Amino acid sequence: MAIDREMPLKEQMKFDMRAEEVDIMEGDPQLDADGGATINFGPEVQMSEGHTENLADFLSDGDLDVISRDLVEAYEGDKDSREEWSSTYAEGLDLLGMKYEERSNPFPGASGVSHPLLAESVTQFQAQSYKELFPAGGPVKTQVMGMTNPQVEAQSGRVKEFMNYQLTHVMEEYEPELDQMLFHLPLSGSAFRKIYFDNTLGRPVSKFVSSEDLVVPYEATDLMTCARITHVVKMMSNELRKFQVSGFYRDIDLEDPKDDDPSKVKEKIDEIDGKKKAYTKDNVHTLLEMHVDLDLPGYEDANEAGEETGISLPYIVTIEDNSGEILSIRRNWNEQDPLKIKKQYFVHYKFLPGLGFYGFGLIHMLGGLTKTATSILRQLIDAGTLVNLPAGFKARGLRIRDDDQPLVPGEFRDVDAPAGDIRNSLVPLPYKEPSGTLFNLLGFVIESGKSFAAVADMKLGEGNEVNPVGTTMALLERGMKVMSAIHKRMHMAQGKEFKLLAQLFAETLPNVYPYQVVGGNQAVKAQDFDERIDVIPVSDPNIFSVTQRVTLAQQQLQLAQAAPEMHSLPEAYRRMYEAMGVQNIEALMPPPPQPQPKDPATENSDLLAGMPAQAFQGQNHDAHIASHFSLMTSTVVKSNPMAMANIQAHVMQHISLKAQEEIQAEVQQQMMQQQMMMEMQNRVAEREAELIDNFVTELEDALKDSTQDPLVELKKEELELREQDMERKAQEAQLKLELEERKADDRKETDEDRIDQQKDALAIRSAIAAEKLEKDSKNKMMDKAEKITANLEKTAANILNPNGRQQ
């Protein structure tokens, strides 16, 4: 192996030789004429490769065969362990009634209709869940973890807008895949989403994986601790060849795939869809993408001492099922992760928890009721058929013209009756009308199924009767208990899916990613997707229908209207509009106008009219105070205690703001002076260091050129002593500078404390002055009132005569 000296260091580091591999080096390195070196290694040398490389290219064919044989055998065992589950699922698909059954038992033409209880439940669930999990505005919202500030709030908004933009516009497969998944989920009880980065599309994708295409071991309880996950992938030969040419899969020859036997579930789905495979030259390969833990030979886990630990590490192994050839083996952990924890690609959606790994669906829970309802319905229809088309016995001598044709309404047909009485020659079978008991039983079965599946029509009001909000909420909660629990499980699963997507965006986005939206341009940063922002579904786990959401908003609005002094009516109306799905609420409810600064004359006018006035920073407080003081000395205000109190309160606002602005300006000036002093000291210290360095350099150059006599040596020692002294002084200057900085920080804290104390004292003095001013005003008013009363009494006494009669 030749190593070029011009090779970049990063490339040379790929040749990672272990300690035991150095011993097999044959001979010493030989230098080449061009400056390189040739090192002869033995045939057993292994070289490590990049973290994302296909390890199947570096393993021997024997090791690959052993790994493939073991994994395929494990997959076959996993598939056989759920054979009963597949059979139950396949049989349950017949209960959908999508295909009419032609029956000849108990008689030809017997009814083959199926009751739509299961189909109706599935359709109702799909429609309701689809709207909740993917609203028109986007399914993602964000929340800030920890303390909030304007920067973090803006970051949260960028993440929310970008992810909703990706899911609604860029990731075109997301919505239809979600739609399809929500139809499969209530049937099988389990559905999966696979989130990964697609190199061909150059972006993350989220695909629906049906439960029959994801196989886990018998002992599995959840995806996180599952030792083996097998995703069965169907891929056309041309598509597989593209991956081989690009280097993603091994470029090996593969035989044309054979037509494998489809699973029971696949056969039943094809039967319901009414399709079958007719063209057999499409060459569809079946790939087994297995997420497993392996102890690969040559890549064993080792501790810090280099000893093998025997721990199996997570890998993704892709096997072509027909030939058993391994196409790729890739590490399934982050390169920077010292614990080598398995990366997750799948999210499990469950309809009902079930008793094991797979959840229970409506097929498991309503299968018996649907069969019963179908059987009763067919019996009722067959009974009606037999009554409408009766059969029986007739005597041999009785001859009826065209007896093989049924009678039509209004027809009278000739009959030869030997006994003379037709009734004695005809005996009809005793068929009964459809049973009322069976009909009632059918209604009971249907009601039980609908009650469980929460698809019954709830009558919340009869005629003009309107139930109270509390009663309506109780009826909704009682009728939707099952749906509420299912919705919470889907909300949690969708939250995991969004977190995986956010992690992919953080790993694959550039530092700044600009994109265009309606009305302008936006941009998101890769570092926006950090632990400070939590990505969650926009759906509410406690609200599972539009009716419930509107009802809750209506009750909030009623409470706000009943006590407006305790609530914000605009916010209550806004929530009501949001629950109703109204767009562009700002056009209906514009924000209230914010108060604006006014001139002193306008403020005086408002105060005289009894309206409040607001002082603002930056106003000419002295001019405002003088104007208001002149108003207070007027006769009109003196006789109006209420106006006097309003003006005094407004003047106190100006006094408070004026004091704050003066102290703030003073503090800012002091801080600027301190910063200037610190900056000057820092620059002096930096300049001293530069001068010292230059002096030392010049001195060393001069000493090199001089002769080495005793005087020079003494001079050199003297200069070294001076240099040491200068370094000591520089250190002392640096220590002094740090001390001055600490003193400046202490003075800053002391000044801030003094400012806070001054503010508190100013507020107390302002309150005391206001109280004193109000008290003096009241005393003056009382004195004036007493004088006026005394004058009135004196005048009345002068007017009356001694006999008490008025003159």
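Residues numbered from 1 in each chain as written. Predicted model: local features only at pLDDT ≥ 70, side-chain atom pairs only at ≥ 80, totals over all residues. Heavy atoms only, no water.

Participant: Sorry, what's going on with the overall build of the protein chain here?
Facilitator: Along the protein chain, the regular secondary structure elements total 21 helices and 19 strands. Out of the 807 residues belonging to the protein chain, those deemed buried represent 33%. Approximately 50,900 Å² of the protein chain is accessible, and the part contributed by carbon and sulfur atoms is 54%. (Helix = DSSP H or I, 4+ residues; strand = E, 2+ residues; numbered from the N terminus. Buried < 20%, exposed > 50% of the residue type's maximum accessible area, 1.4 Å probe, protein only. Areas by Shrake-Rupley, 256 points an atom, 1.4 Å probe, with all protein chains shown as cover.)

Participant: Looking at this model, I keep getting lost on the environment of Ile269. Mind explaining?
Facilitator: Relative to the helices and strands, Ile269 is located in helix α9 (residues 264-273). Given a relative accessible area of 22%, Ile269 falls into the partly exposed group. As for Ile269 and Ala90, which are separated by 179 residues in sequence, their C-alpha atoms are 8.1 Å apart.

Participant: Even after reading the chapter, I still don't get the sheet that holds strand β10 (residues 313-320), so can you show me in this structure?
Facilitator: Within a sheet, adjacent strands bond to each other through the backbone by hydrogen bonds, running parallel or antiparallel. One open sheet accounts for five strands, arranged β7-β8-β9-β10-β11; its pairing is antiparallel. The open sheet has two free edges, formed respectively by β7 (214-215) and β11 (326-331), since each of these has just one partner strand. Relative to β10, strand β9 (residues 284-294) runs antiparallel, the two being bridged by eight bridges. Within β10, the residue paired with Leu287 across the bridge is Glu320. (Pairing = 2+ DSSP bridges.)

Participant: Looking at this structure, how should I read the pairing of strand β5 (residues 190-198)?
Facilitator: It is a general feature of regular strands that their side chains alternate between the two faces of the sheet. Within β5, seven of the nine residues are buried, which leaves it mostly tucked inside the rest of the structure. Here β5 pairs with strand β6 (residues 203-210) via eight bridges, running antiparallel. Note on β6: the bridge partner recorded for Phe192 is Val209. Where β5 folds back on β6, the antiparallel hairpin that results is connected by four residues, among which Gly202 adopts a positive phi of roughly 75°.

Participant: Would you mind going over helix α6 (residues 150-170) with me for this structure?
Facilitator: Two residues of an α-helix separated by three or four positions point the same way, owing to the 3.6 residues in each turn. Look at α6: 29 Å from first C-alpha to last across 21 residues, which is about the 30 Å you get at 1.5 Å a residue. Considered for burial, the residues of α6 that qualify are Val152, Gln155, Ser156, Val159, Phe162, Met163, Asn164, Tyr165, Gln166 and Leu167. (Expected span 1.5 Å × (residues − 1).)

Participant: Please explain a negative patch on the surface as it appears in this structure.
Facilitator: A grouping of Asp745, Asp746, Glu749, Glu752, Asp753, Asp756 and Asp760 is seen on the molecular surface, where their side chains present a negatively charged patch. Looking at the secondary structure, you find Asp753 in helix α21 (residues 710-799). (Patch = residues over 30% accessible without salt bridge, like charges linked within 9 Å, V, L, I, M, F, W, Y side chains within 5 Å. Salt bridge = Lys/Arg side-chain N within 4 Å of Asp/Glu carboxyl O. Lys, Arg positive; Asp, Glu negative; His and termini not counted. Charge placed at Lys NZ, Arg CZ, Asp CG, Glu CD.)

Participant: Would you take a moment to explain the sheet that holds strand β12 (residues 346-350) for this structure?
Facilitator: The sheet built from three strands is open, its strands ordered β6-β5-β12 with antiparallel pairing. Among the strands making up the open sheet, the edge pair consists of β6 and β12. Direction aside, neighbouring strands of the sheet carry axes that sit 25° apart on average. By the bridge criterion, five bridges tie β5 to β12 in an arrangement that is antiparallel. When the sheet's bridge partners are listed, Ala191 is paired in β12 with Tyr349. Relative to the sheet, helix α7 (residues 174-188) contacts β5, β6 and β12, its axis offset from that of β5 by approximately 155°. (Axes fitted to C-alpha atoms, helices over the stretch in contact; angles between N-to-C directions. Contact = heavy atoms within 4.5 Å.)

Participant: Would you take a moment to explain the packing of helix α17 (residues 600-608) against helix α18 (residues 621-632) for this structure?
Facilitator: Helices that pack against each other are described as a pair by the angle of their axes relative to one another and the distance between those axes. In the contact formed by α17 and α18, the axes pass within 10 Å of each other and the chain directions differ by 40°. By the angle between their axes, α17 is oblique relative to α18. Seen along the crossing, α17 lies across α18 with a hand that is right-handed. Where α17 abuts α18, its residues Pro600, Glu603, Asn604 and Leu608 lie against His624, Ser627, His628 and Leu631. (Parallel < 35°, antiparallel > 145°, perpendicular 65-115°, else oblique. Left-handed = near helix turned anticlockwise from the far one by under 90°.)

Participant: What am I meant to see in the nonpolar core here?
Facilitator: A general trend in soluble globular proteins is that nonpolar side chains are found buried together. Of all hydrophobic cores here, the largest spans 68 residues; its most connected members are Met163, Leu214, Met490, Leu501 and Phe529. Examining the composition of this core, we find that ten residues originate from one element, helix α13 (residues 481-508), more than from any other. Ranked by size, the runner-up nonpolar core spans 22 residues in total, among them Ala56, Leu59, Val232 and Trp333. (Core = buried A, V, L, I, M, F, W, Y, C linked by side-chain atoms within 4.5 Å.)

Participant: Just to check I follow, could you spell out the pattern of salt bridges for this structure?
Facilitator: Side chains that differ in sign of charge can pair as their charged atoms come close. Within this structure, the stated rule accounts for 16 salt bridges. Sharing partners across several salt bridges, the network here consists of Asp725, Arg728, Lys729 and Glu732.

Participant: For this particular structure, what's the right way to read a nonpolar patch on the surface?
Facilitator: A cluster of nonpolar side chains, contributed by Met224, Leu339 and Ile341, occupies part of the molecular surface with about 330 Å² of accessible area. Inspection of the secondary structure assignment puts Leu339 in the loop between β11 and β12. Leu339 sits in the exposed class, given a relative accessible area of 66%.

Participant: Just to check I follow, could you spell out the packing of aromatic side chains for this structure?
Facilitator: By convention here, two paired aromatic rings are described through the distance between centres and the angle between planes. Taken as a whole and judged by the stated rule, the model has 14 aromatic pairs. Aromatic pair Trp85 and Tyr89: ring centres 5.7 Å apart, planes at 45°, arrangement tilted. Placement of the pair is Trp85 and Tyr89 together in helix α4 (residues 83-93), with a separation of four residues, close to one helical turn. On the basis of an interplanar angle of 15° and a centroid distance of 6.1 Å, the ring pair of Phe192 and Phe357 is categorised as stacked. You can see Phe192 sitting in strand β5 and its partner Phe357 sitting in the loop between β12 and α10 (362-388), a full 165 residues away along the chain. Of the two residues, Phe192 and Phe357, neither departs from the other in class, the shared state being buried. Among the aromatic residues, those joined into a cluster by ring pairs are Trp85, Tyr89, Phe192, Phe357 and Tyr358. (Phe/Tyr/Trp six-rings, centres within 6.5 Å; stacked < 30°, edge-to-face > 60°.)

Participant: Help me understand the packing of α4 against α7, please; the structure alone is not making it clear to me.
Facilitator: Two elements in contact, α4 and α7, have axes separated by 10 Å at closest approach and are oriented at 110°. As far as their axial angle goes, α7 and α4 are roughly perpendicular. Between α4, through Trp85, Tyr89 and Leu93, and α7, the contact on the second element is made entirely by His184, Leu187 and Ser188. Here the contact of α4 with α7 is built from residues that sort into four nonpolar, two polar and no charged. (Nonpolar A, V, L, I, M, F, W, Y, C, P; charged D, E, K, R; others polar.)

Participant: Got a minute to help me understand the confidence of the model for the protein chain in this structure?
Facilitator: Segments scoring low in pLDDT should not have their predicted coordinates read at a detailed level. Averaged over all residues, the pLDDT of the protein chain equals 79, while 82% of them reach at least 70. Scored below 50 in pLDDT, residues 1-27 shows 37 contacts in the model against residues more than four places distant or in partner chains. Under a pLDDT of 50 for its full length, residues 455-466 has, in the predicted model, 14 contacts with residues more than four places off or in other chains. (pLDDT = per-residue confidence, 0-100.)

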